[in-house]
Protein chains: 2
Amino acid sequence: MQKIGIIDLGSNTTRLIVMAYEPERCFRLVDEVSEVVRLAEGVGATGRLQPKPIRRAVVALSMFETLCRRTGVDHVIAVGTSAIREAENQHEFWDALRAETTLDLRIISAQEEAFYGFVGTANALGLRNGFTFDTGGGSTQVVAVRNGQPTETYSVQAGVVRFTERYVSSDPISKRDLRNLRQAAQESFAGLTWLQAHPDYRLAGMGGTIRTLARIDQKQRQYPLDRVHGYQLSREALSNIIEVLSRSNRREREQIPGLKTDRTDVTLAGAIIIEQLMTCGRFESLTVSGQGVREGLFYAHFLQGIEPPLLDNPRTFSIKNLARLSNYEEAHCDKVGSLSQSLFDQLAPLHGYGAWERELLGYAAIIHDIGVAVGYYDHHKHSEYLVQNGTLLGFTHREIAILGALVRNHRKGQADLSPYAQIFAADDSQRIARLSSLLRIAEYLERSKSQVVRAVRVELGESIRIVVEADGDASVGIWDANRRTGLFRKAFERDVEIVQG
Amino acid sequence: MQKIGIIDLGSNTTRLIVMAYEPERCFRLVDEVSEVVRLAEGVGATGRLQPKPIRRAVVALSMFETLCRRTGVDHVIAVGTSAIREAENQHEFWDALRAETTLDLRIISAQEEAFYGFVGTANALGLRNGFTFDTGGGSTQVVAVRNGQPTETYSVQAGVVRFTERYVSSDPISKRDLRNLRQAAQESFAGLTWLQAHPDYRLAGMGGTIRTLARIDQKQRQYPLDRVHGYQLSREALSNIIEVLSRSNRREREQIPGLKTDRTDVTLAGAIIIEQLMTCGRFESLTVSGQGVREGLFYAHFLQGIEPPLLDNPRTFSIKNLARLSNYEEAHCDKVGSLSQSLFDQLAPLHGYGAWERELLGYAAIIHDIGVAVGYYDHHKHSEYLVQNGTLLGFTHREIAILGALVRNHRKGQADLSPYAQIFAADDSQRIARLSSLLRIAEYLERSKSQVVRAVRVELGESIRIVVEADGDASVGIWDANRRTGLFRKAFERDVEIVQG
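Residues numbered from 1 in each chain as written. Chains lettered and ligands numbered in written order. Predicted model: local features only at pLDDT ≥ 70, side-chain atom pairs only at ≥ 80, totals over all residues. Heavy atoms only, no water.

Going by this rule: UniProt positions are given in the numbering used here, feature names are shortened, and annotations may be inferred rather than shown by experiment.
By the naming in an unreviewed UniProt entry, chain A goes by Exopolyphosphatase and is assigned to Candidatus Chloroploca asiatica. Quoted straight from UniProt, the Sequence similarities (unreviewed entry) entry for chain A says "Belongs to the GppA/Ppx family."

Here it is in structure tokens:
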């Protein structure tokens, strides 16, 4: 695997991510360092970068460079955004940077910043139609996406550091400051005529502020999954958080679960900016993206030559990525997938499910064994853990919880779904039982991992017969699969027998 | 990595394990298939292997062979034990086997079986003095171990299938059957004069029966760790389980949590055999080994030339094994280890801990980042999960829970220890807080992963000063470590300041 470091010097934070990857095949985030250097501090008032923030930024960048050198990073891409872009005294920053590092930092335009943010988010969420936005320290970028292409881009100097410095002069914020802050945010998006909520067009947000807001909301509702990527933040939840933040002083804010110390001062301004963006387009909710500009830069490198650098199918890609990183047995998993989907198709009259469930079943087959990388015993439990905590792109949290339960059930037992009640739909319990009962039969038919079973033929009746066609002796698998039909019988309320064809 | 398959045809179960490994360096169990073929069925009464059990065994072995061939196994070692060893009609088994497979199965003597069981268990538990025993379907092997050498070996035809067939004729078992069973078990060990409980000599058991008994006991006490390897099973707990098993019929036994269906009939006989073994040597508890003959055969292959094939230090080996399998950054982890142990040594007047804590701290440093293999974000949580669920050799459960908490705390927060209350000692909470506060300071001093910090000098006083000696600019690490001293201050009840030397 190669290693690339991506550095993004923003107005509030500067971050390094290190990706290990094989081009177009698989990748994994292996390191991240983030420093709140507040490079934009004072820029709003003076138009100039201040000596202390410049110093903090250079120290952080120098540390990133050392880290990359010492951990075998092959290549570094470093970009700077809004704060440097607009400063009158850029040269002072360049002089300091060049004196201490050899980093080749490139200032990207607001347009480019928006583009890479779109690339990161569109890949991470599988978004092909909708809007992405990125609220950073110095500015907010909004992009309209149609059929996977960015069609409109908007950048405005509405950033969390900038707005906090300009509008927040009291603690807790005064009514007057709040009014001015909100008005400024509202005016920032006044010209955005193309931003309109639409059933088929999602709004997706990236950046530290939106992740922080999601975390606060999750803590409040004791959310069962420990991931913000893909989380749905409602307009109502956002209003509640704004309400709390606007009547708390700093000490009180420090007590808010999910709000980190270095975000206590700037999150209110960020929340108001996002609130006004949602108001402008009349959105009732937004999807949180855990990936943004840095990952966008990575995808552009990873998918060289593809324009825009979007994965064909982020869902399929990320499932295979997870499987490949765990050295999965491809022929075995493919066979389990084809057998379980064949059972699914032939049992359609009984379950009535469609393409969505079929797709999930196929994904579960690919990754059912990945937990072996943790430990063989109880690997079905480890597979569930890896699904819930690994990088999956373009899946809703409900889908992730379903996938987790399917791999958990692939060998034996039945996952306890009660912790995820607030994520599941009412009939998901039955859906999971049925799908995993098929996965389990396929898994045991493929017990010898020899792909000896060519096909399965389902005979529907009072009781179900599954006729196995094999290229060789499949007797052990058939015998074993017959011992694992308990879940099937429970889930479909039919008897079942698996026989040699 | 190479792959080896080890097949063990026992009297009750036949099992295949597949290990991926680099000789003497690292290994991982990647596959296991187990079939309850009950090869010994009927041997007790007739002295002959019966056709049906032979058939079941050959079908299973043939399936194992296919699996090995289809999943890229380079080499297969297959052994048979008690049931075949003693049968008059071995040739019938050989004929059937050769007709359907090309497996080169070797019958090992009771002596060899005991030896490989000792090797597996001694490596798995780090046992250098004590006794190992293996209760299988047809026989029980006991080995005395002194300074890592097997000094006495005893094999007796007390096996769970054999004894069940011979002594259990009623359901639930009748008083008379129970008495006969117990007496036979007692007589089996009557000659074992060298088996004597001793404070420095542990009793360690392997095999499916002992694992099953451990699981039943764990379920009863809602044990917080999901691992049986290394579990302490008390004489008292064993008596309670025997009590329950001996008054339950099969249907009732099927409801006992932890008792699998294919073990419902034979576990009572196994429990009585183990009870009598403990009585014979006056042991109050035993340690469960998750590894046995198969793993012993693996170690003999893995450590070729070393006799007996014991790892130098199973604890260190398995910690490094876990780290290597997760592609850890060795230079970084070594530095975090040496810095945290240096802090530990210099702070000895404050904490008063000894070699044991120092060793655990060193292990935690090596594996603190392994969770990155699951996902970078929250990797400290994933590291804890991998510690709790991975293969660690020679650690008690308490040590594993401590290691888990240390890696969990290495970046931020403080692990909730309450779920593990029944495992921890009363002062472990403070122990964990103190050790992990050192780990955290070392981690942040090594934030740039550049090993720039050469040494730390601790100045003890009302408040603590940590003076950092660096080969270069360590300012970012020092600044950052100073931000992470909250846990230290809480755990040591002293103020602390980290300064450049």
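On we go.
## Quick word on the relation of the copies chain A and chain B
Inclusion rule: When the copies are superposed, the least-squares fit draws on C-alpha atoms of residues that have pLDDT of at least 70 in both. Between two residues, a contact is recorded if the distance between any of their heavy atoms is within 4.5 Å.
You can overlay chain A on chain B at an RMSD of 0.0 Å; the transform is a turn of 180° with a shift of 0.1 Å along its axis. Taken together, the rotation and translation describe the operation of a two-fold axis. Take the interface residues of chain A: 98% of them recur as interface residues in chain B, which is what a same-surface contact looks like.

## Some thoughts on the interface of chain A and chain B
What counts, and what does not: As used here, buried area is the combined drop in accessible area, with a 1.4 Å probe, of two parts when they are placed together. Here, a salt bridge means any side-chain nitrogen of Lys or Arg that lies within 4 Å of a carboxyl oxygen of Asp or Glu.
With 42 residues of chain A at the contact, the number on the chain B side is 42 residues. When the buried area of chain A at its contact with chain B is split by residue, A:Tyr376, A:Tyr385 and A:Arg447 rank highest and sum to 15% of it. On inspection of chain A and its partner chain B, the count reaches eight salt bridges. Between B:Asp31 and A:Lys449 there is a salt bridge, with the nearest N and O atoms lying 2.5 Å from each other.

## With respect to the domain arrangement of chain A
Residue and element names in this part refer to chain A. Quick note on the threshold: Just so you know, the domain bounds were taken from an automatic or database domain assignment. Secondary structure elements follow DSSP: runs of H or I of four or more residues count as helices, runs of E of two or more count as strands, with numbering from the N terminus.
Segmenting chain A into domains produces domain 1 (2–108), domain 2 (111–294) and domain 3 (315–500). Computed over C-alpha atoms only, the centres of domain 1 and domain 2 are separated by 23 Å. Taken together, the contacts link 20 residues of domain 1 with 17 residues of domain 2. Summing the contributions of domain 1 and of domain 2, the shared interface buries around 1600 Å²; its carbon and sulfur component is 47%. On the domain 1 side of the interface with domain 2, the three residues burying the most area are Arg15, Arg38 and Ile108, jointly 26% of the side's total. Linking domain 1 with domain 2 are four salt bridges. For Arg85, the salt bridge identified is with Glu113, shortest N-O distance 3.0 Å. Going through the elements one at a time, β1 (2–9), β2 (14–22), α3 (82–86) and β5 (105–107) are the ones with two or more residues in the side of domain 1 that touches domain 2.

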